[in-house]
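So the chains spell out like this:
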Amino acid sequence: LRFQSDWLYHVAAITALLLSVIPIARSSGRERLGWISLAFVLLAWDLGDWTYTYYDVRYASEPPFPGLSDLLYYPGYVGFIAAIALLVFPRKRVAYRRWMLDAMLRQTREPVP
């Protein structure tokens, strides 16, 4: 199980990072910037996972919190928000941005159980 969770998992993560080069090469402008942001997310996440693997293999424990792995994970969230904004919402369609803002701020009329 340790082999799967520590090493085999990284094969999928590195493959996703390498495959992200294809849409970067085929796009331009705003869309390319969105794909670069998504590749940054994959890179940040994989670097955080590598530090987690290091602590698991070297010390047989989880990394300290907060620690280096957290420092590497967190910039990925900023890249993810940028990727969503650049890839999902076209530049000239303000209505989409208004919908996103409305979805974030809207409260339900029924109480949540």
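Just so it is clear, the model here is predicted, and its values are computed rather than measured.

Participant: Describe the overall build of the protein, listing the residues and the values that go with them.
Facilitator: When its secondary structure is counted, the protein shows 5 helices and 0 strands. Each helix and strand of the protein, placed in order from N terminus to C terminus, yields the pattern α-α-α-α-α. Burial analysis of the protein (113 residues in total) assigns 24% to the buried set. In the form shown here, the protein has an accessible surface area of approximately 8,800 Å², with 68% of it arising from carbon and sulfur atoms.

Participant: I'd like a rundown of the environment of Asp6, residues and numbers included.
Facilitator: Along the polypeptide, Asp6 turns up in helix 1 (residues 2-19). Expressed as a C-alpha distance, the spacing of Asp6 and Asp49, which sit 43 residues apart in the sequence, is 8.7 Å. Apart from the residues within four sequence positions on either side, Asp6 is in contact with Thr53, Asp56 and Val57.

Participant: Now, about the packing of aromatic side chains: what can you tell me, with residues and values included?
Facilitator: Throughout the structure, instances matching the rule amount to 5 aromatic pairs. Measuring from ring centre to ring centre gives 5.8 Å for Tyr54 and Tyr55, while their planes differ by 80°; the resulting arrangement is edge-to-face. You can call Tyr54 partly exposed: its relative accessible area is 43%. Taking the relative accessible area as the measure of exposure, Tyr55 reaches 24% and is therefore partly exposed.

Participant: Can you lay out helix 3 (residues 29-59) for me, pointing to particular residues and giving the numbers?
Facilitator: With 31 residues, helix 3 extends 45 Å from end C-alpha to end C-alpha; this agrees with the ideal 45 Å at 1.5 Å per step. Those residues of helix 3 lying buried are Gly34, Ser37, Ala39, Val41, Ala44, Asp46, Gly48, Asp49, Thr51, Thr53 and Asp56. Just downstream of helix 3 lies Ala60, where phi reads positive at about 55°.

Participant: Tell me what's going on with the packing of helix 3 against helix 4 (residues 68-88), and back it up with residues and numbers.
Facilitator: Between helix 3 and helix 4, whose axes approach to 7 Å, the crossing angle comes to 160°. Classified by the angle between their axes, helix 3 and helix 4 sit roughly antiparallel to one another. Between helix 3 and helix 4 lies a crossing whose hand is left-handed. Partitioning the contact of helix 3 with helix 4 into residue classes produces 20 nonpolar, 7 polar and 3 charged.

The rules behind each value
- Residues numbered from 1 in each chain as written.
- Predicted model: local features only at pLDDT ≥ 70, side-chain atom pairs only at ≥ 80, totals over all residues.
- Heavy atoms only, no water.
- Helix = DSSP H or I, 4+ residues; strand = E, 2+ residues; numbered from the N terminus.
- Buried < 20%, exposed > 50% of the residue type's maximum accessible area, 1.4 Å probe, protein only.
- Areas by Shrake-Rupley, 256 points an atom, 1.4 Å probe, with all protein chains shown as cover.
- Contact = heavy atoms within 4.5 Å.
- Phe/Tyr/Trp six-rings, centres within 6.5 Å; stacked < 30°, edge-to-face > 60°.
- Expected span 1.5 Å × (residues − 1).
- Axes fitted to C-alpha atoms, helices over the stretch in contact; angles between N-to-C directions.
- Parallel < 35°, antiparallel > 145°, perpendicular 65-115°, else oblique.
- Left-handed = near helix turned anticlockwise from the far one by under 90°.
- Nonpolar A, V, L, I, M, F, W, Y, C, P; charged D, E, K, R; others polar.

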